[in-house]
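So the chains spell out like this:
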Amino acid sequence: MKSFLMIMGALIICSSLVFAAGPKTYQVTGPVLEAKDDSITVQKGKEKWEIAKDAATKVTGDLKVGSKVTIEYTMKAATIEVKDAAKKAEPKKTEPAPAKVPAKK
């Protein structure tokens, strides 16, 4: 009976993790170059990363230029434009070449 309950508990925990899985998260770490209300720019190696933020973004600590930060983010589509591949260009119809007429002598 105990093993049955343990198995059921494990299944419930695993199933809740499956449903909680969202988009993959990424992170970037580096010094802050610029901090605005709607974005933050971080230096990562030789690259500058500008990441958008809003009122729902959780910030812990004093965010200011020069502070070293680790930003966790997800990639989210803003717009999607579908280019329908089903509409293929019809092949051009070529006219048959004119028949060669033997030259009169």
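From a predicted model like this one, the values you see are computed outputs, not experimental measurements. (Residues numbered from 1 in each chain as written. Predicted model: local features only at pLDDT ≥ 70, side-chain atom pairs only at ≥ 80, totals over all residues. Heavy atoms only, no water.)

### Details of the overall build of the protein
1) Next: Each helix and strand in the protein was counted, giving 1 helix and 4 strands.
2) Next: The helix and strand sequence of the protein, counted from the amino end, reads α-β-β-β-β.
3) Next: Taking all 105 residues of the protein together, the buried fraction comes to 11%.
4) Next: Partitioning the intrachain contacts of the protein with sequence separation of at least 6 by distance along the chain shows that 51% fall at a separation of at least 24.
5) Next: Carbon together with sulfur atoms contributes 60% to the accessible area of the protein, which is approximately 10,300 Å² in total. (Helix = DSSP H or I, 4+ residues; strand = E, 2+ residues; numbered from the N terminus. Buried < 20%, exposed > 50% of the residue type's maximum accessible area, 1.4 Å probe, protein only. Contact = heavy atoms within 4.5 Å. Areas by Shrake-Rupley, 256 points an atom, 1.4 Å probe, with all protein chains shown as cover.)

### Observations regarding the pairing of strand β3 (residues 47–52)
Looking along a regular strand, one sees side chains alternate from face to face of the sheet.
1) Next: Of the strand pairs in this sheet, strand β2 (residues 39–44) and β3 are connected by 6 bridges, and their pairing is antiparallel. Across the sheet, residue K44 finds its bridge partner in β3, namely E47.
2) Next: Once β2 ends, the chain turns through 2 residues before running back antiparallel as β3, passing G45 with a positive phi of about 65°. (Pairing = 2+ DSSP bridges.)

### Side note on the pattern of salt bridges
1) Next: Using the criterion set out here, one finds 2 salt bridges in the structure.
2) Next: E81 is paired through a salt bridge with K83; the nearest N and O atoms lie 3.3 Å apart. The two residues E81 and K83 agree in class, both being exposed. (Salt bridge = Lys/Arg side-chain N within 4 Å of Asp/Glu carboxyl O.)

### Side note on the side chain of T41
1) Next: Its location among the elements puts T41 in strand β2.
2) Next: Since its relative accessible area comes to 11%, T41 is described here as buried.

### Side note on a negative patch on the surface
1) Next: A cluster of like negative charges, contributed by E34, D37, D38 and E50, occupies part of the molecular surface.
2) Next: In this fold, D37 is placed in the loop between β1 (25–35) and β2.
3) Next: Residue D37 is classed as exposed on the basis of its relative accessible area, which comes to 74%. (Patch = residues over 30% accessible without salt bridge, like charges linked within 9 Å, V, L, I, M, F, W, Y side chains within 5 Å. Lys, Arg positive; Asp, Glu negative; His and termini not counted. Charge placed at Lys NZ, Arg CZ, Asp CG, Glu CD.)

### Quick look at the layout of surface pockets
1) Next: Considered as a void within the structure, the largest pocket measures approximately 500 Å³ in volume.
2) Next: Surrounding the largest pocket, 17 residues form its lining, T57, K58, V59, T70 and I71 being those nearest its centre.
3) Next: Take the lining of the largest pocket: its biggest share by element is 5 residues, from strand β4 (residues 68–74).
4) Next: Of the residues assigned to the lining of the largest pocket, the class counts are 8 nonpolar, 4 polar and 5 charged.
5) Next: Put simply, the second largest pocket is a space of about 250 Å³. (1 Å grid on protein atoms, 1.4 Å probe; cavity = no way out; pocket = protein on both sides within 12 Å on 5 of 7 lines; lining within 4 Å. Points joined across faces, edges and corners; volume = space filled by probe spheres on them. Nonpolar A, V, L, I, M, F, W, Y, C, P; charged D, E, K, R; others polar.)

### Let's talk about the sheet that holds β2
1) Next: Pairing within the open sheet is antiparallel, and its 4 strands lie in the order β3-β2-β1-β4. At either end of the open sheet lies a strand with only one pairing partner, and these are β3 and β4. Averaged over neighbouring strand pairs, the angle between their axes works out to 50° when direction is ignored. (Axes fitted to C-alpha atoms, helices over the stretch in contact; angles between N-to-C directions.)

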